[in-house]
Amino acid sequence: MQLSGKVALVTGAAQGLGKGCAEAILERGAKVALLDTNESAGQETAADFALKYGADRCTFILCDVTAKDQLEGAFQKVVDHFGGLDLVVNNAGILNEVQWEKCIDVNLVSVVRGCHLGLRYMGKQNGGNGGLIINMSSVAGLYAFPSPVYATTKAGVVGLTRSLGMDYKLGRDCVRVNALCPSFTTTAILADPEVPEDQYQHMKDMLERGGGLMQIPDVVKGLAKLLDEDDKNGAVLEVTVQGMKYHGDESGPWDRESGTHQPNLCIA
Ligand SMILES: NC(=O)C1=CN([C@@H]2O[C@H](COP(=O)(O)OP(=O)(O)OC[C@H]3O[C@@H](n4cnc5c(N)ncnc54)[C@H](O)[C@@H]3O)[C@@H](O)[C@H]2O)C=CC1
Ligand SMILES: CCCCCC(=O)/C=C/C=C\C=C\C=C\[C@@H](O)[C@@H](O)CCCC(=O)O
């Protein structure tokens, strides 16, 4: 996707992977709205970006993605402020197995809502120009992981992405929907996950056996790949220290015999 002059909305963008994604999008010439509950970090990030990329290209919107009205209001504010919407990155997420309902709300329910809003504002059948949605899942959504509710939310994001990325939907909306699945990356989420001790110990072990931590720029390379590969829709990209690979390209039972797959009807 060519991003010069386009408009992006990134949730959970005050810090961490959301901030890294937002900066990569700015570097490619788009305007970016940063949504987050952390007002001080969000304002600071927006101020930094304004200095580097221009005050007219970045805005912070205080938004709890789990509050339906706030998320809807934030999408409307972005369109009012920048005059359109072309790219949504549903990134905000937490790991909390104690307050597990909250974990589902932030990581899954809000991503469903973010996708619906993205389709509402970008979908051609609604008067939009088409666009791209990138959902932040995790390697935990692809393989067994010691924190089961977190893993469930991330697997849910994979299923949501694949199904919203079906060709018949693209033919109607011209909005591609893809997911990024990073492994352990150095951000604040690693510092204080609210998980029982046995889960934490098991994660430490997985981290060691998996080859260690990635850094934010490693994951941003995955975002860049999804931005560049305009033919990808419903794609699920794993990003680890071992490299990047797409998941789940195999045909379902309905396509298996013929080996055919309907081509995309429209590329945004
Ligand atoms: N760091 C890692 O190892 C991995 C992280 N991820 C995912 O990446 C995404 C970003 O996480 P990180 O940058 O690592 O963590 P982080 O904790 O540094 O950033 C998360 C951001 O989301 C915001 N946020 C949390 N709840 C929110 C809400 N209700 N509304 C709006 N904003 C909210 C936080 O304030 C924070 O700015 C998450 O979805 C996480 O699950 C996926 C795979 C690996
Ligand atoms: C294999 C799937 C990885 C998916 C990672 C993910 O989506 C979210 C992880 C969130 C929190 C994980 C916390 C893990 C903590 C410990 O492993 C700890 O050892 C991390 C230490 C970090 C450091 O050395 O700086």
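This text follows the structure it describes.
A quick note: this is a predicted structure, and the numbers were derived from the prediction, not measured.

With that settled, consider the overall build of the protein. When its secondary structure is counted, the protein shows 9 helices and 8 strands. In terms of overall size, the protein behaves like a compact globule, its C-alpha atoms giving a radius of gyration of 18 Å where 268 residues would be expected to give roughly 18 Å. For the protein, the C-alpha atoms occupy an extent of roughly 55 × 50 × 30 Å along the three principal directions. Residues counted as buried form 50% of the 268 residues belonging to the protein. As displayed, the protein offers around 12300 Å² of accessible surface, 51% of which is attributable to carbon and sulfur atoms. Charge centroids of the protein, computed over 24 positive and 33 negative side chains, lie 5 Å from each other.

Attention now goes to the site of ligand 2. Surrounding ligand 2, one finds 17 residues, the nearest of these being Leu95, Ser138, Tyr150, Met203 and Lys204. Within the side chain of Tyr150, one N or O atom sits 2.7 Å away from an oxygen atom of ligand 2. Against a free-state accessible area of 660 Å², the protein chains account for coverage of 80% of ligand 2. Considering every element that reaches the shell around ligand 2, the biggest residue donor is helix H7 (residues 197-209), with 5 residues.

Now for the sheet that holds strand E1 (residues 7-11). Strand order in the open sheet formed by 8 strands is E3-E2-E1-E4-E5-E6-E7-E8, with mixed pairing between adjacent strands. Since the sheet does not close on itself, it has two edges, and those belong to strand E3 (58-62) and strand E8 (243-247), each with one partner. The sheet shows a mean angle of 20° between the axes of neighbouring strands, direction not considered. Bridge count for strand E5 (residues 131-136) against strand E6 (residues 175-182) is 6 bridges, and the pairing is parallel. Directly across from Met136, in E6, lies its bridge partner Leu180. Sitting on the sheet, helix H2 (residues 39-53) is in contact with strand E2 (31-36) and E3, with an inclination near 170° to E3.

Once that is clear, we can look at the site of ligand 1. In the vicinity of ligand 1 there are 29 residues, among which Asp36, Asn91, Tyr150, Thr185 and Thr187 approach most closely. With respect to ligand 1, the side chain of Asp36 contributes an N or O atom lying 2.5 Å from an oxygen atom. Between ligand 1 and the protein, one listed contact pairs an oxygen atom with a backbone N or O atom of Asn91 at 2.7 Å. Among the secondary structure elements, those contributing two or more residues to the shell around ligand 1 are helix H1 (16-27) and helix H5 (148-164).

Moving on: the pattern of salt bridges. A side chain of one charge can pair with a side chain of the opposite charge if their charged atoms are brought near each other. Inspection of every chain in the model, using the stated rule, returns 9 salt bridges. Across the pair Asp228 and Arg28 runs a salt bridge, and its minimum N-O distance is 2.8 Å. In this pair, Asp228 sits in helix H8 (residues 216-228) while Arg28 sits in the loop between H1 and E2, placing the two residues 200 residues apart along the sequence. By relative accessible area, Asp228 is classed as partly exposed at 47%. With a relative accessible area of 30%, Arg28 lands in the partly exposed category. Ionic contacts of the salt-bridge type, sharing partners, join the residues Lys225, Glu229, Asp231 and Lys232 into one network.

This part takes up the packing of H1 against H2. Relative to each other, H1 and H2 sit at 20°, their axes nearing to 11 Å. In terms of axis orientation, H1 runs roughly parallel to H2. The two elements H1 and H2 meet at a crossing, and its hand is right-handed. Listed contacts from H2 to Lys19, Ala22, Glu23, Leu26 and Glu27 of H1 are Thr45, Phe49, Lys52 and Tyr53.

Reading guide: rules and limits
- Residues numbered from 1 in each chain as written.
- Chains lettered and ligands numbered in written order.
- Predicted model: local features only at pLDDT ≥ 70, side-chain atom pairs only at ≥ 80, totals over all residues.
- Heavy atoms only, no water.
- Helix = DSSP H or I, 4+ residues; strand = E, 2+ residues; numbered from the N terminus.
- Rg over C-alpha atoms; globule rule 2.2 N^0.38 Å.
- Buried < 20%, exposed > 50% of the residue type's maximum accessible area, 1.4 Å probe, protein only.
- Areas by Shrake-Rupley, 256 points an atom, 1.4 Å probe, with all protein chains shown as cover.
- Lys, Arg positive; Asp, Glu negative; His and termini not counted.
- Charge placed at Lys NZ, Arg CZ, Asp CG, Glu CD.
- Near = heavy atom within 4 Å.
- Polar contact = N/O pair within 3.5 Å; in protein donor to acceptor, adjacent residues only side chain to side chain.
- Pairing = 2+ DSSP bridges.
- Axes fitted to C-alpha atoms, helices over the stretch in contact; angles between N-to-C directions.
- Contact = heavy atoms within 4.5 Å.
- Salt bridge = Lys/Arg side-chain N within 4 Å of Asp/Glu carboxyl O.
- Parallel < 35°, antiparallel > 145°, perpendicular 65-115°, else oblique.
- Left-handed = near helix turned anticlockwise from the far one by under 90°.

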